[in-house]
Amino acid sequence: MGSAEHIAEHVAALRLVDHHVHGAFTADLGRAEFETHLNEGSPEPVPEWMTQFDSQLGFAIRRWCAPVLDLPAHAPADEYWARRAELGVRAVTERLLRAAGVSDWLVDTGFGAGTVLDVDGMAGASQARGHLIVRLESVAEELPADGVAGRDYADEFGARLERAAHGAVGVKSILAYRAGFDIDLSPPAPHAVADAARRWVDGGATRLVDPVLLRHGLHAAVRLGLPIQIHTGFGDRDLDLHRANPIHLLDFLRTPGVADVPIVLLHCYPYHREAGYLAQAFGNVHFDVGLAINHVGVRSTQVVAESFELAPFAKQLYSSDAWGPPELHHLGAVLWRRAVTSVLGDWVTSGDWSAADARRVADMVGRDNARHVYRLG
Amino acid sequence: MGSAEHIAEHVAALRLVDHHVHGAFTADLGRAEFETHLNEGSPEPVPEWMTQFDSQLGFAIRRWCAPVLDLPAHAPADEYWARRAELGVRAVTERLLRAAGVSDWLVDTGFGAGTVLDVDGMAGASQARGHLIVRLESVAEELPADGVAGRDYADEFGARLERAAHGAVGVKSILAYRAGFDIDLSPPAPHAVADAARRWVDGGATRLVDPVLLRHGLHAAVRLGLPIQIHTGFGDRDLDLHRANPIHLLDFLRTPGVADVPIVLLHCYPYHREAGYLAQAFGNVHFDVGLAINHVGVRSTQVVAESFELAPFAKQLYSSDAWGPPELHHLGAVLWRRAVTSVLGDWVTSGDWSAADARRVADMVGRDNARHVYRLG
Amino acid sequence: MGSAEHIAEHVAALRLVDHHVHGAFTADLGRAEFETHLNEGSPEPVPEWMTQFDSQLGFAIRRWCAPVLDLPAHAPADEYWARRAELGVRAVTERLLRAAGVSDWLVDTGFGAGTVLDVDGMAGASQARGHLIVRLESVAEELPADGVAGRDYADEFGARLERAAHGAVGVKSILAYRAGFDIDLSPPAPHAVADAARRWVDGGATRLVDPVLLRHGLHAAVRLGLPIQIHTGFGDRDLDLHRANPIHLLDFLRTPGVADVPIVLLHCYPYHREAGYLAQAFGNVHFDVGLAINHVGVRSTQVVAESFELAPFAKQLYSSDAWGPPELHHLGAVLWRRAVTSVLGDWVTSGDWSAADARRVADMVGRDNARHVYRLG
């Protein structure tokens, strides 16, 4: 058996830490809705003259999820859909989650609560461990509903964040969706926070887009000390993709105090080379190429290869960023394993890397780095 | 015969729709002028101490066009040039166009009329079908010459656009060259259009660079309802490349009404990943990697591979964007076929895609998607 | 022997011109300091819980430099470090520099003088030729120390630049670090230079960041007529990476007079596709992917492949951009040779390029283009 085969075997057996994920759907859904959830970018129904199955993600589902549901690889979309409906949401979810080979899910519960499994639900369905990631903007959005006054906002946010983060292993920011990164990201003055909170509450707003309060939340998280996950790059079209380029976080990363907490840049595509640069340039910056891996399907091999450039290997993590269809939780793991096996295996075959190093780096990125960053013990 | 060979055969036999192209030269030209036309970026003569044949495009011409002119592959540039002169423009053009395997040319006639073949000329020389694409800025630039007053501009532009578009299958905008995308792209108010038109006419301008009139033209096209091609990315150095990044079209794409017409992003390199994102995020957005394919030569395989990431397969099209030398019309098709055969063939070989899917996707991108978008029937 | 093997042999025997490099360390250093110098982006010590050897650069050192120090390929980091210490700085430096196969080093002496070898030191240690590159900002920074008054700044800078450039083959600008490229880069008026110089001297400043004086320096270099190297892209985190994208140099490149001197864009990663575009669009623009080659290790093959897209082959150069550890001087050459051999060899194998062309292009990029640009004779 050659070195490259050894790597395939090793990576296949590696139990992954999926360090940024959401719950799988709790109920069955219709095919149109399912197809909409295969499109990260658009909130609208897939146009009638096409099918979202005709995409890298759709092809990857037919290739890799079909066999988990007892179908042949590349089963047609209609057959896949029929078999899925026949098994029902619970069986489909359990099969796909368990076959992912994930030991720990770090679950951001800040979106779609009620329609997707919570931390315990994910742990139960997958027979693995679940951990909580607290979304900063969700904590903030509780406040106006509870009638918190402007002058009390900062104290109350701090207290609630601390409570919410109790038992959590990290926090998450979706600043990318709410304001973009190309704004002033310095810590706001207390009076500015009070004013902004008053305006927000008076305006009856529920969706937090005020830059002052977003910045306040981010810096409150810095003081909290838990790892901060930041959505960057690719997401739905609500965000301005170019303004979610992680390179615009440079000034934030240079802010005093920020260097003391781990900053984890999520997704990053198509700006993962910029993310790799930041992970080299700042000792506290980590990143992944989650989400993209699923949506580019077979091309994940190239995206993973591009993520192995500037960043030290200790700074890279695995995530699926799955939300909703459990196919996404499963595929993230399958495609990452295939990519890593192929990319690292080629380097071993060409003599550029040793096989022992390749196995060690796979372990680091797939498991050990997340254990270190989030102190999973 | 393996699956990958079947794909090569299938793609070789596929008659393409070149959905964005210009005419081939009508007259012989000198070698210096020819070499200048092998350089998309620069309007100046190639420096004397070098030859533009020493480029990916030049090598691809010597590799793929030389045999069409009865020369061995990789024939030296001097021999290629001598043989080309010997055959003459008509024979060279007919050979190269016909060997491209294109069934339909969608011809933008807005640049260099008189020096290149028109729609009928292209159809005749290639023994294929030709269709008209109307350039918005060319329609606008007729108006001041005809003494149209500011207050009549909007009506007259609308009427002329409708007439010009009669019998056309789409329109095209070169906003990228005239103002870039990082400006306000909302529909201008009528009085602003009248004012801008007056200023333009009074100033005796011929080249339209006024942002108000450019925006007016774009939104007039939206109301017209035909597919709108937009030049994005790579072009000659008149444009600011980064300001022609299609991601700056986000606000335009979110404008009410725009979702009702197909928007086709042309070229896109080196921002084709951003284009793929837009094609996923917006149901009416399509894109190609034309122009770049020719200019990066053998590297077109990688560029085509990068175009198969986020975008659903129904949203991708083939074009050469050739203008002038018929080598460009020919090479676009040759290089796209080689790239698709190699990229999709590898995925079939590795088991990630089925051979049937690969053939189907090649048909979609090379022919069927364009038929659908432009209603070629 | 196949064509690809012939290319490997040819490229292995090619004596390179390293057209942008700095000196190797003159003294032994500790391991922590050494590891810090393997991280281009960060000026801080490598975090204690990781090692910078776990990076593409670290793996490349263990793979390619270990054998030069009589160790097996992939020797563990501790063994490598022990052997390095045993041999001592002089032996290590001589072995690594001489085995690089470089005939000419073009040395930018503007950073770290005293801690690294100068032009003669590099020539001596490597038994090759050395040439001087003068850093514009270093010339400027001598002036306030010598008490030059504001009104005399322009004349004195011009005189000193001319003297400094005597015997030099080019100049270099680090504008990217001092102001970024997305500012007005037109030649400043004389009175503005005098005012800015007065403010700078009065402020007691030593590090030149005034945009007016930086622009003045750049345009003084244009008048001087020597090739101008400009740091672009990837560097340490002092710079704003996105503001060092060479595409922001468009307006500078369009400035009258600039077309008359060779402009050489250095590094460029991850914006090397934009650099390739500029090298196509402007007859006087050249570029390299130095620095990145070392830091991405085995991935240099992909980065080099991406550099062979739009730019004519006469416009590309080889550099290591090594500074400090002689491993960097060595690896630049090793990794470039491997990349070129692999990339061009594959194109010969697939029949896209002829073997003769591949050898010729390797010679151009590795040696001849630099001889032409810098008139090395």
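Labelled according to an unreviewed UniProt entry, chain A appears under the name Amidohydrolase-related domain-containing protein, originating from Pseudonocardia hierapolitana.

> Just to check I follow, could you spell out the relation of the copies chain B and chain A for this structure?
Relative to chain A, chain B is turned by 120° and slid 0.0 Å along the rotation axis, the superposed coordinates differing by an RMSD of 0.0 Å. Classification of the inter-copy transformation places it as that of a three-fold axis. Scanning chain B for the C-alpha nearest the rotation axis identifies Gln 302 of chain B, at a separation of 5.9 Å.

> Quick question: what am I supposed to make of the sheet that holds strand β7 (residues 285-287) of chain A here?
Sheet strands line up and pair through hydrogen bonds in the backbone, either parallel or antiparallel. All names here are of chain A. Pairing is parallel in the open sheet, where seven strands are placed in the order β1-β2-β3-β4-β5-β6-β7. Edge positions in the sheet fall to β1 (16-21) and β7, since each of these pairs with one other strand and no more. Each strand of the sheet is rotated relative to its neighbour by a mean of 25°, with strand direction disregarded. With three bridges joining them, strand β6 (residues 263-267) and β7 adopt parallel strand pairing. Residue pairing for β7: Ile 263 is matched across the bridge by Val 285.

> In this structure, what is going on with the packing of helix α6 (residues 136-145) of chain C against helix α7 (residues 153-165) of chain C? I would like to understand it.
The angle between the axes and the distance between the axes are what describe a pair of packed helices. Residues and elements named next belong to chain C. Running from amino to carboxyl end, α6 crosses α7 at an angle of 130°, the nearest separation of the two axes being 10 Å. Considering their axes alone, α6 and α7 lie oblique with respect to each other. As α6 packs across α7, the resulting crossing turns out to be right-handed. Where α6 approaches α7, its residues Leu 136, Val 139, Ala 140, Glu 142 and Leu 143 are matched on the opposing element by Tyr 153, Glu 156, Phe 157, Arg 160, Leu 161 and Ala 164.

> When you look at the sheet that holds strand β6 (residues 263-267) of chain B in this model, what are you seeing that I'm missing?
Residues and elements named next belong to chain B. Strand order in the open sheet formed by seven strands is β1-β2-β3-β4-β5-β6-β7, with parallel pairing between adjacent strands. One side of each edge strand has no neighbouring strand; the edge strands of this open sheet are β1 (16-21) and β7 (285-287). Here the strands of the sheet are splayed against their neighbours by 25° on average, with no regard to which way each runs. Those strands touched by helix α12 (residues 272-281) are β6 and β7, and its axis lies near 150° from that of β7.

> Can you walk me through the interface of chain B and chain A in this structure?
One frequent convention defines the size of an interface as the accessible area lost when the parts assemble. Each side of the interface is counted separately: chain B has 33 residues, and chain A has 38 residues. Carbon and sulfur atoms supply 54% of the area buried between chain B and chain A, which totals about 3000 Å² over both sides. Our count for the contact surface shared by chain B and chain A stands at six salt bridges. For the interface between chain B and chain A, the tally reads 22 residue pairs in polar contact (both at pLDDT 80 or more). Within the residue set of the side of chain B that touches chain A, elements represented by two or more residues are α11 (250-254), α12, α14 (300-307) and α16 (355-373) of chain B.

> Can you walk me through helix α4 (residues 77-98) of chain C in this structure?
Working note: α-helix, 3.6 residues per turn, so residues spaced by three or four point in the same direction. Residues and elements named next belong to chain C. For α4, built from 22 residues, the straight-helix expectation of 32 Å at 1.5 Å per residue is missed by more than 12%, its first-to-last C-alpha distance being only 23 Å. Taking the largest bend as the criterion, α4 deviates by roughly 105°, centred on Gly 88. What α4 keeps buried is the set Ala 77, Tyr 80, Trp 81, Arg 83, Arg 84, Gly 88, Val 89, Val 92, Thr 93, Leu 96 and Leu 97. Elements in contact with the buried residues of α4: α2 (31-36), α3 (56-65), β2 (102-108), α5 (119-126) and α15 (326-349).

> Sorry, what's going on with the packing of aromatic side chains here?
The description of an aromatic ring pair rests on the distance of the ring centres and on the angle between the ring planes. Tallied over the full model, the rule gives 45 aromatic pairs over all chains. Note on Phe 234 of chain A and Tyr 269 of chain A: the rings are 6.2 Å apart at their centroids and 70° apart in plane angle, and the pair reads as edge-to-face. Within this pair, whereas Phe 234 of chain A is found in the loop between β5 (228-232) and α11 (250-254), its partner Tyr 269 of chain A is found in the loop between β6 and α12 (272-281), the two being separated by 35 residues in sequence. Judged by its relative accessible area of 0%, Phe 234 of chain A is buried. Through a chain of ring-to-ring contacts, three or more aromatic side chains come together here, namely Phe 59 of chain A together with Phe 308, Phe 313, Trp 347 and Trp 353 of chain B. A cation over a ring is seen here: Arg 62 of chain A above Phe 59 of chain A, with NZ or CZ 5.3 Å from the ring centre. Between the NZ or CZ atom of Arg 63 of chain A and the centre of the ring of Trp 64 of chain A, over which it lies, the distance is 3.8 Å.

> Got a minute to help me understand the relation of the copies chain C and chain B in this structure?
Mapping one chain copy onto the other needs a rotation about an axis and a shift along that axis. Expressed as a screw transformation, the operator carrying chain C onto chain B has a rotation angle of 120° and an axial translation of 0.0 Å, and the superposed copies differ by an RMSD of 0.0 Å. Of the interface residues in chain C, just 6% have counterparts in chain B that sit at the interface too, so the contact is made through distinct surfaces.

> Honestly, unusual backbone geometry in this entry has me stumped. Any pointers?
Negative phi values dominate among residues other than glycine, just as trans dominates among peptide bonds. A cis amide bond links Tyr 269 of chain A with the next residue in sequence, Pro 270 of chain A, at an omega value of 0°. Note on placement: Pro 270 of chain A falls in the loop between β6 and α12.

> Honestly, helix α16 (residues 355-373) of chain C in this entry has me stumped. Any pointers?
Residues and elements named next belong to chain C. Between its first and last C-alpha, α16 extends 25 Å over 19 residues, near the 27 Å set by a 1.5 Å rise per residue. The largest bend in α16 comes to about 55°, at Met 364. The complete set of buried residues in α16 reads Ala 355, Asp 357, Ala 358, Val 361, Ala 362, Asp 363, Met 364, Val 365, Gly 366, Asn 369, Ala 370 and Val 373. Trailing α16 by a residue or two, Arg 375 shows a phi angle of about 50°, which is positive.

> Looking at this structure, I do not really get the interface of chain C and chain B. What am I missing?
Listed per partner, the contact involves 33 residues of chain C and 38 residues of chain B. Regarding the contact of chain C and chain B, the summed buried area is about 3100 Å², with carbon and sulfur atoms giving 54% of it. Viewed at the interface, chain B and chain C are joined by six salt bridges. Between Arg 360 of chain C and Asp 54 of chain B there is a salt bridge; the shortest N-O distance is 2.9 Å. Between chain C and chain B we count 22 residue pairs in polar contact (both at pLDDT 80 or more) in total. Looking at the side of chain C that touches chain B, the elements with two or more residues in it are α11 (250-254), α12 (272-281), α14 (300-307) and α16 of chain C. Its residues placed into classes, the side of chain C that touches chain B shows 15 nonpolar, nine polar and nine charged.

> Would you take a moment to explain the side chain of Ser 300 of chain C for this structure?
Residue and element names in this part refer to chain C. Inspection of the secondary structure puts Ser 300 in helix α14. On the accessibility criterion, Ser 300 (2% relative accessible area) is buried. Of the polar contacts made by the side chain of Ser 300, one reaches the backbone oxygen of Gly 297; its length is 2.7 Å. With near-sequence residues (within four places) excluded, Ser 300 lies in contact with Ile 293, Leu 335 and Ala 339.

> I'm lost on the domain arrangement of chain A in this one. Help?
Residues and elements named next belong to chain A. Here chain A is partitioned into domain 1 (3-24 + 100-373) and domain 2 (29-87). One C-alpha centre belongs to domain 1, the other to domain 2; they are set 26 Å apart. Contacts between the two partners involve 22 residues from domain 1 and, on the opposite side, 18 residues from domain 2. In total, about 1600 Å² of surface goes out of reach between domain 1 and domain 2, with carbon and sulfur atoms giving 66% of it. The interface formed by domain 1 and domain 2 includes two salt bridges. The shortest N-O distance in the salt bridge between Glu 44 and Arg 237 comes to 2.9 Å. At the level of elements, α13 (292-296) and α15 (326-349) are the ones that each hand at least two residues to the side of domain 1 that touches domain 2. Looking at the side of domain 1 that touches domain 2, the element that brings in the most residues is α15, giving eight residues.

> Explain the pairing of β5 of chain A here, please?
Residues in a regular strand point their side chains to alternate faces of the sheet. Residues and elements named next belong to chain A. In terms of residue burial, β5 counts as a mostly covered element, since five of its five residues are buried. By the alternation rule, side chains of β5 split into Ile 228, Ile 230 and Thr 232 and Gln 229 and His 231, which are all buried. Summarising the sheet, strand β4 (residues 168-173) and β5 pair through three bridges and their orientation is parallel. Paired with Lys 172 across the bridge in β5 is Gln 229. Looking at chain direction, β5 and β6 are connected through five bridges and run parallel. The residue bridging Gln 229 from the neighbouring strand is Val 264, located in β6.

> Got a minute to help me understand the pattern of salt bridges in this structure?
Any two side chains of opposite charge can pair if their charged atoms end up close together. As enumerated under the stated definition, the model contains 99 salt bridges over all chains in all. Asp 70 of chain A is the partner of Arg 83 of chain A in a salt bridge, and the nearest nitrogen-oxygen pair spans 2.6 Å. Highlighted residues: Arg 83 of chain A in helix α4 (residues 77-98) and Asp 70 of chain A in the loop between α3 (56-65) and α4, separated in sequence by 13 residues. Three or more residues joined by partner-sharing salt bridges are found here, namely Asp 182, Asp 240 and Arg 243 of chain A together with Asp 251 and Arg 254 of chain B.

> Can you walk me through the environment of Arg 31 of chain A in this structure?
Residue and element names in this part refer to chain A. Residue position: Arg 31 is located in helix α2 (residues 31-36). The exposure class assigned to Arg 31 is partly exposed, which follows from its relative accessible area of 24%. Those residues in contact with Arg 31 that lie beyond four places of it in its chain are Thr 51, Phe 53, Ala 77, Asp 78 and Trp 81.

Procedures and definitions
Residues numbered from 1 in each chain as written. Chains lettered and ligands numbered in written order. Predicted model: local features only at pLDDT ≥ 70, side-chain atom pairs only at ≥ 80, totals over all residues. Heavy atoms only, no water. Least-squares fit on C-alpha atoms with pLDDT ≥ 70 in both. Pairing = 2+ DSSP bridges. Helix = DSSP H or I, 4+ residues; strand = E, 2+ residues; numbered from the N terminus. Axes fitted to C-alpha atoms, helices over the stretch in contact; angles between N-to-C directions. Parallel < 35°, antiparallel > 145°, perpendicular 65-115°, else oblique. Left-handed = near helix turned anticlockwise from the far one by under 90°. Contact = heavy atoms within 4.5 Å. Buried area = accessible area lost by both parts, 1.4 Å probe. Salt bridge = Lys/Arg side-chain N within 4 Å of Asp/Glu carboxyl O. Polar contact = N/O pair within 3.5 Å; in protein donor to acceptor, adjacent residues only side chain to side chain. Expected span 1.5 Å × (residues − 1). Bend = angle between axes of the 7 residues up to and from the residue. Buried < 20%, exposed > 50% of the residue type's maximum accessible area, 1.4 Å probe, protein only. Phe/Tyr/Trp six-rings, centres within 6.5 Å; stacked < 30°, edge-to-face > 60°. Lys NZ or Arg CZ within 6 Å of the ring centre and 35° of its normal. Nonpolar A, V, L, I, M, F, W, Y, C, P; charged D, E, K, R; others polar. Domains from an automatic or database assignment.

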